[in-house]
Structures are given as C-alpha cells and as structure tokens.
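In case you want the letters, here they are:
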Amino acid sequence: MNANTSDASRREFLQKSMLATAGLLTPLPLTVLGAPKAKRRVAMVGTGHRGTDMYGKDLLAEHGDVIEFVGLCDSNKGRLETAKKMMGVNCPTFTDFEQMMRKTKPEILIVTTVDNTHDEFIIKGMEMGANIVSEKPMTTDETKCQAILDAEKRTGKKVTVTFNYRYSPHRQKMYDLIRQGEIGTVTSVDFHWYLDNRHGADYFRRWHRLTEKSGSLWVHKASHHFDLLNWWLESEPETVYAKGALENYGKNGPFRFTNCRPCPHKDKCPYYWDMTKDARLMALYAANEQYDGYHRDGCVYKEDVNIYDKMAATIGYANGVQVSYSLTAYSPYEGYRIAFNGTKGRIDAWIKESGAMKKEPYDEIMLSRNFGKVEYFQVPQAEGHGGGDKLLRAQIFRHPEAPDTYRQAAGSRDGAMAILVGVAARKSIASGQAIRIADLTNLKPVAVKA
Ligand SMILES: NC(=O)c1ccc[n+]([C@@H]2O[C@H](COP(=O)([O-])OP(=O)(O)OC[C@H]3O[C@@H](n4cnc5c(N)ncnc54)[C@H](O)[C@@H]3O)[C@@H](O)[C@H]2O)c1
C-alpha cells in the first residue's frame, strides 16, 4: 500500500467512524463514503400513504442521486397512477407484481402493502432476484414468518425490516444509558403505550381493524414496541402471557355507518372525521374507491372490527428481564411511559406526542441512581417518527455499508422476534396459557445478540 492509499484508507476509516458515532444523525456528503457508480434500481409494491411519502417523495428528495425507481406496483390502478404523479417519477407502473419484477429487475424491492400480504412479495421478490426493504410488521403470523426465513436462506437474498422507532434520538439516549451501565443490570421494564382518540381511532377506520389483515394491534402496532424492547435489552423474548378486549370501538358503538363522509350520525359521533379537508388523502383514497371499494374514513363502530383496543402482556426475556407491557387505543393523549429497573437504579421517561397537557420541545429522560443523585437528560424532538424516518432512509439507501454502532439496521430475525411476541399474545388470549416463542418457528431465543 503506498502512502496515498494508506492516507485515503485512514481518511475513509475516520469518516466511517464519524458516521457511526453520529449514529447517522447528519447524513454525510456523498464524497465522504464515495458515491455508488450507478444509481440503485428500486421498485415498490404498495403505493399508499407510507409508500408514496416515506419511500417515495422523501426518499427521492434526499437520495435521488443514489437511487432510481424502475417500477411501481399496486392492486388499485387508480392509486398507482396518483402515486406516480405524487412521487414525480416516470417509471412504468404495474398491477401484476411478477410482471413488474420480470420487466424491471430491481436490485431493491420496497414492500409497503397491507401487512398480511408482505410475505407474498418478500418471498417472490427474493426469488425473482431482489433484496427486500419491508415495512414493519414483517408479516402477521408464525407460518408466514417461517416461510420468509426459509426463503431468505434458500435464495441468499436479504430482508431488511424498517424499524424506524430505533433511530429516534431519545430512544438512542436510553440505549446509551443502559449500555453504559448507569443502572447496572436491567431486571425489569414497565412499558405502557397510549394511542389517542385521533390516531388510535384511525386504526379502527382502516384495514387495520381486521386481524386477518393487520395481525391486530398486537402485531401491526405493538411489534414496533416489542422490537424496541428486544433492541434495548439486547435479548430475545422467551414467553408471553396476555390479556385483551375490544370495549370501545366496533360493536360497542351506539350507531354505525359505512364511512364518515356520507354518515347520518356525524353530528353526534365523537369519532366523526372529515377527510375532505385533506387533499392528499382525498386524491390517494377517495378518488380511487371505485377500483376496490376501500374507505379510508371507514366507521370505527363497524360490526366487523375484530382487533383488541386494550391489551396487556407479561413478557419474559431470555436474559431474565421481565416486562410489563400495555397498549390502550382510546386515550385522551398519545405517547408512552417507560421505566427500566436495574440493580443500580432506574431510567424513567414519559414521552408526550399529542394531547392537551403541557408539552416541552424536548423529550426528557430521568436517571435515578440507588442511594445517589438524579440526573435529567433533555433530547430535542424531531419530525417524522421522532426523527427516525430520515435517519433510517440515510442508513438503508445511502450508507448501507457504514458501521452500525447502534445496531439500528434490522434483519429478518429482528422482524420475526418483534412479530412473534404479538402472535404469542394473540395465542395466549385465545388459550389462556403462556406461550413459548420457541414453539412458534424454528428460531430459538438467545440472550445476547451478535
Ligand atoms: N414504520 C411506520 O412508522 C409505518 C407507518 C405507516 C405505515 N407503515 C406500514 O406501511 C405499510 C403500508 O401502510 P399504509 O399506511 O401506506 O397503508 P395504505 O393502505 O395506505 O397502503 C397500502 C397499499 O397496498 C396496496 N395493496 C394492498 N394489497 C395489495 C396487493 N395484494 N398487491 C398490491 N398492492 C396491494 C393498497 O392498494 C394500498 O395502496 C403497512 O405495512 C404499514 O404497517 C409503517
């Protein structure tokens, strides 16, 4: 190695370390890691809200110099064309997924369809030559989960699951405090999540209200939270015992209709929502109801709602940590309370995301040491799932080879361990028994992840 090369390598090493230390907080200029020679060829299946925004407009605005869309696919042909316009791309569109894969041969397939269809596109996508970037939840049950794990092994391709919650700075701070041993060995966690009467209710308006499509909030929503726990604790879950009920939405309502816009009860319904005020949603969904009959503003009191709106679980981890978890979907405010109890102290946070109570422009974390002092850390808030979306896009699409100090890039095993807690919770409620994660797929939970 000549002097110039070794200088260059040293520079690259230092720059990569910088990136790691910053936890990708500042996307670096292209020159730092070197621009890829050709743009990455990306296709997307599922051009709804998440697809067009997070992986469409925003991804192109930030990383359009390193990726290009070669194909878009959706089963709703009207939404597909609207999405293409919203994203400002001129690639071909397809309602036939395999045709898209055959004709466009993408290097990366982004999967942003309805949850219960992810497995189909992840598996076929890998079989047809692409690496996968899938939205959470990776899938909705243990059989589909095993099929994804088997297909990844068989094809040699890679599944990335986009757990954007891992990237938000205040959660990263908690990760740091635990890693630094500030509270000794973590022994238990109290974790309670509140969805408010607006955002929480929204799950009951959409396809998410059906367990067969979303896996229920245990999988669709709580898999975010279970992934955070698995990540913070650096352990995998072993056993789950759960309770749950549907007491506020669905058949509990005093009246019902198909959806809000034509509803005769709008004057008296606390959940009436006027979608006509949102031009983007009107264009994506209302204008395309003719193709699939899907109502984005569906009635929260529909009789067919079959997911729980209050849930609680006790989760045992392979490293001995026990977790008390709950999720409430009709709270007056949105946010969560978390506490990590350790042998030397405790970390507390009450994160307020919406509601009438006093909010600060930062998220506060309290560190209390046993028989010692209390310290407060104030982490500035950021837009887009606590700033997570932007950081995740940078890591996956621009700096995939950069060191991942915070272990934020998640693979199929992480995706599996997150959904399996929710699947086990559903099974526990049905059977009244505690469920072992090891009985669901061929993955055996381990205490310390590599
Ligand atoms: N990580 C996050 O914070 C976050 C936030 C929102 C959504 N998501 C995830 O993104 C995904 C999409 O959610 P969304 O809110 O955009 O939903 P959406 O209903 O707006 O979009 C889903 C799209 O998939 C299409 N689709 C459904 N079945 C299909 C099929 N068989 N073939 C092709 N297209 C099909 C629908 O027509 C629709 O356009 C979900 O998996 C959801 O969990 C994640």
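Residues numbered from 1 in each chain as written. Predicted model: local features only at pLDDT ≥ 70, side-chain atom pairs only at ≥ 80, totals over all residues. Heavy atoms only, no water.

Engineer: Now, about the confidence of the model for the protein: what can you tell me, with residues and values included?
Structural biologist: Any segment with low pLDDT has predicted coordinates that should not be analysed in fine detail. Model confidence for the protein is summarised by a mean pLDDT of 92, while 91% of its residues fall at 70 or above. Counting contacts from residues 1-33, a segment whose pLDDT is below 50, to residues more than four positions away or on other chains yields 37 contacts. (pLDDT = per-residue confidence, 0-100. Contact = heavy atoms within 4.5 Å.)

Engineer: Break down the domain arrangement of the protein for me, with residues and values.
Structural biologist: The domains assigned to the protein are domain 1 (15-163) and domain 2 (250-292). Counting residues at the interface gives 11 residues for domain 1, matched by seven residues for domain 2. Around 850 Å² of area is buried between domain 1 and domain 2 when both sides are counted, 56% of it from carbon and sulfur atoms. Here domain 1 and domain 2 share two salt bridges between them. The salt bridge partner of Asp53 is Arg280, with a shortest N-O separation of 3.8 Å. Across the contact surface, domain 1 and domain 2 share seven residue pairs in polar contact (both at pLDDT 80 or more). Listed by contribution, the elements that provide at least two residues to the side of domain 1 that touches domain 2 are helix 3 (49-63) and helix 4 (77-87). Take the side of domain 1 that touches domain 2: its biggest share by element is five residues, from helix 4. Of the residues contributing to the side of domain 1 that touches domain 2, the split by class is one nonpolar, seven polar and three charged. (Domains from an automatic or database assignment. Buried area = accessible area lost by both parts, 1.4 Å probe. Salt bridge = Lys/Arg side-chain N within 4 Å of Asp/Glu carboxyl O. Polar contact = N/O pair within 3.5 Å; in protein donor to acceptor, adjacent residues only side chain to side chain. Helix = DSSP H or I, 4+ residues; strand = E, 2+ residues; numbered from the N terminus. Nonpolar A, V, L, I, M, F, W, Y, C, P; charged D, E, K, R; others polar.)

Engineer: So what about the nonpolar core? Which residues, and what values?
Structural biologist: Side chains of nonpolar character tend, in soluble globular proteins, to be buried together. Among the nonpolar cores identified, the biggest contains 94 residues, and Leu109, Val189, Phe191, Phe204, Trp232, Ile315 and Phe340 are the most heavily contacted of them. A per-element tally of this core places helix 17 (residues 412-431) first, with nine residues. Each of domain 1 (15-163) and domain 2 (250-292) contributes no fewer than three residues to this core. Ignoring anything within four residues of it in the chain, the contact list for Phe204 reads Arg209, Leu217, Leu246, Tyr249, Cys299, Val300, Val305, Ile307, Tyr308, Asp309 and Ala329. (Core = buried A, V, L, I, M, F, W, Y, C linked by side-chain atoms within 4.5 Å. Buried < 20%, exposed > 50% of the residue type's maximum accessible area, 1.4 Å probe, protein only.)

Engineer: Hey, could you go over the pairing of strand 7 (residues 186-196) for me, with residue numbers and the actual values?
Structural biologist: Counting buried residues in strand 7 gives eight out of 11 residues, a clear majority hidden from the surface. The sheet contact formed by strand 7 and strand 11 (residues 334-342) spans eight bridges and is antiparallel. Following the sheet pairing, Asp190 is matched in strand 11 by Ala339. Pairing between strand 7 and strand 10 (residues 322-331): eight bridges, direction parallel. (Pairing = 2+ DSSP bridges.)

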